[in-house]
Amino acid sequence: MSYTRRKFLSTIVVSASAVALGGLAGCGGSSNSSPAPTPPPAPTPTPKPTGLQPGAQFFPQSLMSGDPKPDSVILWTRVEDMAADDIKVQLQVATDKEFTDIRVDEMLNAYKDNDHCLKVRVTDLDPYTTYYYRFVYINDEVQYVTNVGRTKTAPETSADQAVKFAFVSCQDYVGRFYNAYLSVLNQPELDFVVHLGDYIYETTGDPEFQNVDGRSFEFSDTDGAIKIGQGDKAYYSAQSMSNYRELYKTYRSDEVLREVHENFPMIAIWDDHEFSDDSWQNVATTTDGASDEKNLQRKQNSERVYFEYMPIDHEYASDKTVDLGKGELAISEDHLFPNTTIYRDFDFGKHVKLLMTDFRTHRPDHLIPEDAFPGTVVMDQATTSAVIAQAKSIPLANATAFVQATFMAYIDIDAPQYNVLKTVLTDVVAGLYKADYMSIVGDDAKTASTKGAAMATKVVSGKLVINYLNEIIKQIPASLKAVYNLDVISSDGLERGIGYMTLGKAALFSKLGSRYMVVKDVFDLYAGYKASIDPQSQNAFGDKQTAWLSQQVMTSTATWKVMGSSVSFAPLIFDLSSDRVSTGIPQLEGMFDSDAIPALFKNRFYVNADHWDGFPQAKAKLTNDLLSAAGVITLSGDVHSSYVSEHAPSSITGLRSYGFTASSISSGTQGTFIDDALQGLASSLAPESAATFKALNPFFNLLTQTATTRSDVPTTLKMSELWKHGIGVVTADSDSFTVDFHQFPTTSDDVNYVTTSFYDKRDDFLGMVETSQYQLKGGALTKVS
């Protein structure tokens, strides 16, 4: 079979029904695929090569498999030989470790254009069968071989077969080790592993969340990378193909990660860090709006490398009508963003239907822009009154007296009586922008001054909330205020509405009040209002994916319909309001009622609006109309914490959806993030409250659970753990769906279980892992242990 070379990586199809050491080319070919050769009547095993030598130096990332189907699986490797251009590699697949029963024996090409990555779809395999595979590279007449990989096909869709698999996410490499994977390796009976995203992190040492004191790496192509930060705090973020390739190579230098891949097929979906943190479509958010981070080439680079290095059947994902047993599907740059499709489905017997979804490629921007001017009014009094009048028709639009009391007074700064104030404020705000452009983007003083003046002129206009204006006025020197007869603005007689500050936005460029720590009740109201005028503002999956998901769910007859979602459906709420449900701890309740908690913080907050909580009405509709209606179970990651969620019963069918979120393999816990976020808010808004917020740390688990027991929260957290790392393991059969959480703290008894490698002390690590079990059976959720 002959193929012409093509630059874009393409998966080659090899049939297990014919064994012949041939010239089948890989990682290339024409867009016009040739038919597969006619198989002989019966397999003819090829003798295994003699004189094989360990080839780790030529296969530094070892091998891996993925996307198992009843009759096929994807196999992957990468060859490294700096002196070679295109490299011929032999693939062997057998039913035994000794390779006495060989089912595939093919010579393939790994092309330099694809970084010598090789992806092969092996077809005509037997269902629910373990296979062993290896790759051989001949160099100077010596045959160098990979470690032996083990993979497993899915059971037939009609098989009454129990299935057991792990689900994982978030494996930051910098300064951290993958000890959590030891819990996966300790269960060799697993059928496969689901990876829910953040397989890599795009940065070399972001001081906000990466431990730069431990193991680390640097990009060789720093000219192709994005430099972020200034001075000693500067680091790099991936941008070029070389950058992204180095990330995958570096992460797979970890011996435990390689061992996981050698033993289990993986079904993977991406989240944000495979491109850029908290990204949406082809837009990054690293500078929080201080610069334009829309970058099509960078996005496409990240996708192309993902397809090169991950064992995802991306051709099938792009065209689900393709015949997987025939030749090679043409795929090109036309299949990259904005046309990317990686959502796809899997059947494991008659009991598990797995739907892997993509939250990042099609989702719209965050509803509160990172560069939103805190003073800008987004809903004036007339608008809020109209929305409140129809609040009953807007899901989650909570317009209680408490919520309305949080509305802020505003003025029209363009009114004649404010001419002097506008001039002064514009000058002061220009200085604030200038300082941010210099510190965040690294602009020189002249450039920052020009940009700052332009932004100030733009934002100091129209209706502005006086809460923010007064904070600026307080910073103006008394002498200047005396000259211009300026004083704080009284709220008497002013109209009230919702500004970005009302939603929690306090800084010019910030993720706080935009993607994180958003005031829940006014945000729900605002989000509902935005959705009423722009239905696409919460369309996270996009129309095509949503239609696919609905069709798959409603037509599946599987016992358990399981949706893999990179981000969680668990509500992550902090409720410090006067309407909160009591925690039952008198000292804690006394603190909340006292002045130790500033009035500005006595609200309900969405901790993470980068997740489904950031699209509240869309989340409510999807959960009620589809997930609960069909009893779908969601498995999620990304949030670096663990949750068990019980959604309200569907108003259509009475069924419920349940969600299980597993924490991170190595990335910093959500508890650490919330602690940092509260300290950051306190430092800018209420420095005297920093110690009070620090005292809340031991109660984070309780607070997040209690917050979901209010009657207006449609999802209840049955378990919440914000301070531990870990994985989840699912066992599903005809009778029950069981999830075992394997979790461990970052530190215990002065031992850091993330920054310390336990690869040579596996039993010591496994001995301190805590397990808990939850089970769905007969329509009810039970905590078993």
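Calculation criteria
- Residues numbered from 1 in each chain as written.
- Predicted model: local features only at pLDDT ≥ 70, side-chain atom pairs only at ≥ 80, totals over all residues.
- Heavy atoms only, no water.
- Helix = DSSP H or I, 4+ residues; strand = E, 2+ residues; numbered from the N terminus.
- Rg over C-alpha atoms; globule rule 2.2 N^0.38 Å.
- Buried < 20%, exposed > 50% of the residue type's maximum accessible area, 1.4 Å probe, protein only.
- Contact = heavy atoms within 4.5 Å.
- Areas by Shrake-Rupley, 256 points an atom, 1.4 Å probe, with all protein chains shown as cover.
- Lys, Arg positive; Asp, Glu negative; His and termini not counted.
- Charge placed at Lys NZ, Arg CZ, Asp CG, Glu CD.
- Salt bridge = Lys/Arg side-chain N within 4 Å of Asp/Glu carboxyl O.
- Pairing = 2+ DSSP bridges.
- Axes fitted to C-alpha atoms, helices over the stretch in contact; angles between N-to-C directions.
- Core = buried A, V, L, I, M, F, W, Y, C linked by side-chain atoms within 4.5 Å.
- Polar contact = N/O pair within 3.5 Å; in protein donor to acceptor, adjacent residues only side chain to side chain.
- Phe/Tyr/Trp six-rings, centres within 6.5 Å; stacked < 30°, edge-to-face > 60°.
- Lys NZ or Arg CZ within 6 Å of the ring centre and 35° of its normal.
- pLDDT = per-residue confidence, 0-100.
- Expected span 1.5 Å × (residues − 1).
- Arc of directions from axis to C-beta.

A. Region of interest: the overall build of the protein. Counting secondary structure elements, the protein contains 19 helices and 35 strands. The C-alpha radius of gyration of the protein comes to 28 Å, within 12% of the 28 Å expected for a compact globule of 785 residues. Once the C-alpha set of the protein is aligned to its principal axes, its extents read approximately 95 × 60 × 50 Å. Taken across its 785 residues, the protein has 60% of its residues classed as buried. Of all intrachain contacts in the protein linking residues separated by at least 6 positions in sequence, the fraction that spans at least 24 positions is 76%. Accessible surface, the protein: about 28,900 Å² in total, of which carbon and sulfur atoms supply 50%. Looking at charge distribution, the protein has the averaged site of its 66 positive side-chain charges lying 2 Å from that of its 98 negative ones.

B. The side chain of Thr-287, seen in detail. As for its placement among the helices and strands, Thr-287 is situated in the loop between strand E15 (266-268) and helix H4 (296-309). We classify Thr-287 as buried; its relative accessible area is 11%. Leaving out residues up to four positions away in the same chain, Thr-287 has contacts with Glu-293, Ile-440 and Phe-509.

C. Local environment of the environment of Glu-646. In this fold, Glu-646 is placed in strand E27 (residues 642-647). Residues Glu-646 and Ile-633, spaced 13 residues apart in sequence, show a C-alpha to C-alpha distance of 9.8 Å.

D. Spotlight on the pattern of salt bridges. Going through the model one piece at a time under the given rule, you end up with 43 salt bridges. In this structure, the salt-bridge partner of Arg-103 is Asp-101, at a minimum N-O distance of 3.1 Å. Taking relative accessible area as the criterion, Arg-103 reaches 24% and is therefore assigned partly exposed. Among the ionic contacts, a cluster of salt bridges with common partners joins Asp-271, Asp-272, Arg-360, Arg-363 and Asp-610.

E. How the structure looks around the sheet that holds strand E29 (residues 715-721). An order of E16-E17-E23-E26-E28-E27-E29 is seen for the 7 strands of this open sheet, with the pairing classed as mixed. Looking at the sheet topology across the chains shown, the edges are occupied by strand E16 (344-348) and E29. With strand direction ignored, the average angle separating the axes of adjacent strands in the sheet is 15°. Alignment of strand E17 (residues 352-356) against strand E23 (residues 560-565), held across 5 bridges, turns out to be parallel. From the neighbouring strand, Leu-354 faces E23, where its bridge partner is Val-562.

F. Here's a closer look at the nonpolar core. In this structure, Tyr-181, Phe-660 and Phe-737 are the most contacted members of the largest nonpolar core, which totals 87 residues. Counting residues in hydrophobic clusters, the runner-up holds 69 residues, among them Phe-359, Leu-367, Val-639 and Phe-700.

G. Structural detail: the side chain of His-366. Among the structural elements, His-366 can be located in the loop between E17 and strand E18 (377-379). According to the relative accessible area criterion, His-366 is buried, its value standing at 4%. In terms of polar contacts, His-366 uses its side chain to reach the side chain of Glu-370, at 3.4 Å. Here His-366 is in contact with Asp-278, Trp-280, Thr-285, Arg-515, Ala-609 and Asp-610, once residues within four sequence places are set aside.

H. The packing of aromatic side chains, seen in detail. Tallying each qualifying case throughout the model produces 40 aromatic pairs. Where Phe-177 meets Tyr-759, the ring centres are 5.8 Å apart and the plane angle is 90°; that geometry is what we call edge-to-face. In this pair, Phe-177 is assigned in the loop between strand E11 (163-168) and helix H1 (182-185) and Tyr-759 in the loop between strand E33 (751-752) and helix H19 (762-768), connecting sequence segments 582 residues apart. Here Phe-177 falls in the buried class, since its relative accessible area comes to 18%. Residues Tyr-753 and Phe-758 carry aromatic rings whose centres are separated by 5.1 Å and whose planes lie at 20° to one another, so their mutual orientation is stacked. These aromatic residues form a ring-pair network of at least three members: Phe-359, Phe-541, Phe-569, Trp-612 and Phe-615. One residue, Arg-252, lies across the ring of Trp-76, its end atom 4.7 Å from the ring centre.

I. Molecular detail of the pairing of strand E25 (residues 604-608). Of all 5 residues that make up E25, 5 are buried, and the element is covered over most of its length. Relative to E25, strand E22 (residues 516-519) runs antiparallel, the two sharing 3 bridges. By the bridge assignment, Tyr-516 is partnered in E25 with Asn-608. Sheet topology note: the strand E24 (residues 573-575)/E25 ladder contains 3 bridges and is antiparallel. By the bridge assignment for E25, Phe-574 is matched with Phe-605.

J. Region of interest: the confidence of the model for the protein. Averaged over all residues, the pLDDT of the protein is 91; the fraction at 70 or higher stands at 92%. Scored below 50 in pLDDT, residues 1-6 makes 30 contacts in the model with residues more than four places away or belonging to other chains. Note that residues 22-49 has pLDDT below 50 and, in this model, 82 contacts with residues that lie over four places away or in other chains.

K. Main features of helix H16 (residues 670-685). Given a rise of 1.5 Å per residue, 16 residues ought to cover 22 Å, and the 22 Å separating the end C-alpha atoms of H16 matches this to within 8%. Where H16 is concerned, the buried positions are Gln-670, Gly-671, Ile-674, Asp-675, Ala-677, Leu-678, Leu-681 and Ala-682. Axial view of H16: buried residues confined to an arc of 165°, hence all on one face. Relative to its buried face, H16 has exposed residues pointing more than 90 degrees away, namely Ser-683 and Ser-684. Turning to H16, the residues buried within the fold contact E22, E24, E25, E27, helix H17 (690-694) and helix H18 (700-707).

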